[in-house]
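Fold and contact review
Here is how the chains run, residue by residue.
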Amino acid sequence: MKADIDLDIGQKTFASGLLPELISVLRRRRLGDLVALVGDDESIGPELETWCRFTGNTLLESRVENGRTRWVFRFGTAAMPSDENRPVGSRLWLYTNFNCNLHCDYCCVRSSPTAPRRELGLARVQRIAGEAAELGVKEIFVTGGEPFLVEDIGEILACCAAAAPTTVLTNGMLFAGRRAEILEALPRDRIVLQISLDSPTPERHDLHRGAGTWSRAREGIQRADALGFRVRVAATVSTDAEAAEFRQFLDEEKIAAEDRVIRRIALRGAASEGIAVTRADLVPEITITAEGVYWHPVGAEDPDLLITRDIFPLSESFAAVRRAFDRESEHANKVARIFNCA
């Protein structure tokens, strides 16, 4: 990744003079500039990530080159994508269920064939969709579990799509028989299918999701495309190298940039390794399950991300998330002031 400035920090760490040098450099930079650090001590990575988070910068890349580590971060938020600044509540996530036909070893909500169904239910979804438009919801995301295991998923998706453009997250393996008929009846202009495919070849995908799942996901993508749906391809990866490899694959497949989702494994749910995320790390995306309202879909069964057990009235649950976000922001500002060294 090309940077606006490259800074060789040698063996410096946050304990041996790196922080004053960073502050000095940033005083001469513009918001949005990319700053690269090249150093000999790769162990500063976690501290650099923490410093970036507390000071409003964004760590974009970390890679080893010729035995040295190169980090790239963005100074400030001027160049952040516009969707990072979307209003809280403009995106609404619904967990229709938690049971799944797969048992992925990193599932952030521990879905599996034996997980309790915990269905949100058509009646509740209808009420949510009816109240959502008045609350500024611009997009609805339907996920699970595997949503296409829900008996009345067609009606659920139809009422969501009537309220706002809707994306349904799926493994793409159930588009046959009755479910194919359900898909046929859905509005193509209001529903996007986001299908999971974790690697360019079967080995890594199947390692996480089960033997034969890669080829079935590919078939699901082709079937959805043939039915006239916009298809978004989503990969969950472990490393930057895997992400780069998948981007090259998507380039070869001629998948448009706006139809790609590449995310790292989160250390939540069934995952034994990944990126540890707390509420402070996540901009809230209001998420509703059968058990209540959560801060973000990545932890939609974890007590630390539960906001309220009361879904209705929807205006009150949305307000509860916004109040919690205000408290988090106030805390972050206090931490930033305490951390300010110059």
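The following refers to the structure shown. (Residues numbered from 1 in each chain as written. Predicted model: local features only at pLDDT ≥ 70, side-chain atom pairs only at ≥ 80, totals over all residues. Heavy atoms only, no water.)

The strand order β1-β2-β4-β3 describes an open sheet built from four strands, whose pairing is mixed. Of all strands in the sheet, those bounded by a partner on one side alone are β1 (5-10) and β3 (58-65). Each neighbouring strand pair of the sheet contributes to a mean axis angle of 20 degrees, computed without reference to strand direction. Pairing geometry for β1 and strand β2 (residues 34-39), over five bridges, is parallel. If you follow Gly10 over to β2, its bridge partner there is Gly39. (Pairing = 2+ DSSP bridges. Helix = DSSP H or I, 4+ residues; strand = E, 2+ residues; numbered from the N terminus. Axes fitted to C-alpha atoms, helices over the stretch in contact; angles between N-to-C directions.)

Packing of helix α3 (residues 122-132) against helix α4 (residues 153-163) leaves a shortest axis separation of 9 Å and a crossing angle of 5 degrees. The angle between the axes of α3 and α4 places the two elements in the roughly parallel class. Facing Leu122, Val125, Gln126 and Ala129 of α3, the residues of α4 in contact are Glu155, Ile156, Cys159, Cys160 and Ala163. (Parallel < 35°, antiparallel > 145°, perpendicular 65-115°, else oblique. Contact = heavy atoms within 4.5 Å.)

Right, let's get into unusual backbone geometry. The linkage connecting Phe312 with the following residue, Pro313, adopts the cis geometry, with an omega of -5 degrees. Among the secondary structure elements, Pro313 is positioned in the loop between β13 (306-308) and α9 (314-339). A positive phi angle, near 55 degrees, is found at Asn66, a position not held by glycine. Mapped onto the elements of the fold, Asn66 is located in the loop between β3 and β4 (68-74).

Throughout the structure, instances matching the rule amount to one cavity of 30 Å³ or more. Within this model, the largest cavity holds a volume of roughly 30 Å³. Arg86, Pro87, Val88, Gly89, Arg91, Val283, Pro284 and Glu285 together form the lining of the largest cavity. Here the lining of the largest cavity is composed, by residue class, of four nonpolar, one polar and three charged. (1 Å grid on protein atoms, 1.4 Å probe; cavity = no way out; pocket = protein on both sides within 12 Å on 5 of 7 lines; lining within 4 Å. Points joined across faces, edges and corners; volume = space filled by probe spheres on them. Nonpolar A, V, L, I, M, F, W, Y, C, P; charged D, E, K, R; others polar.)

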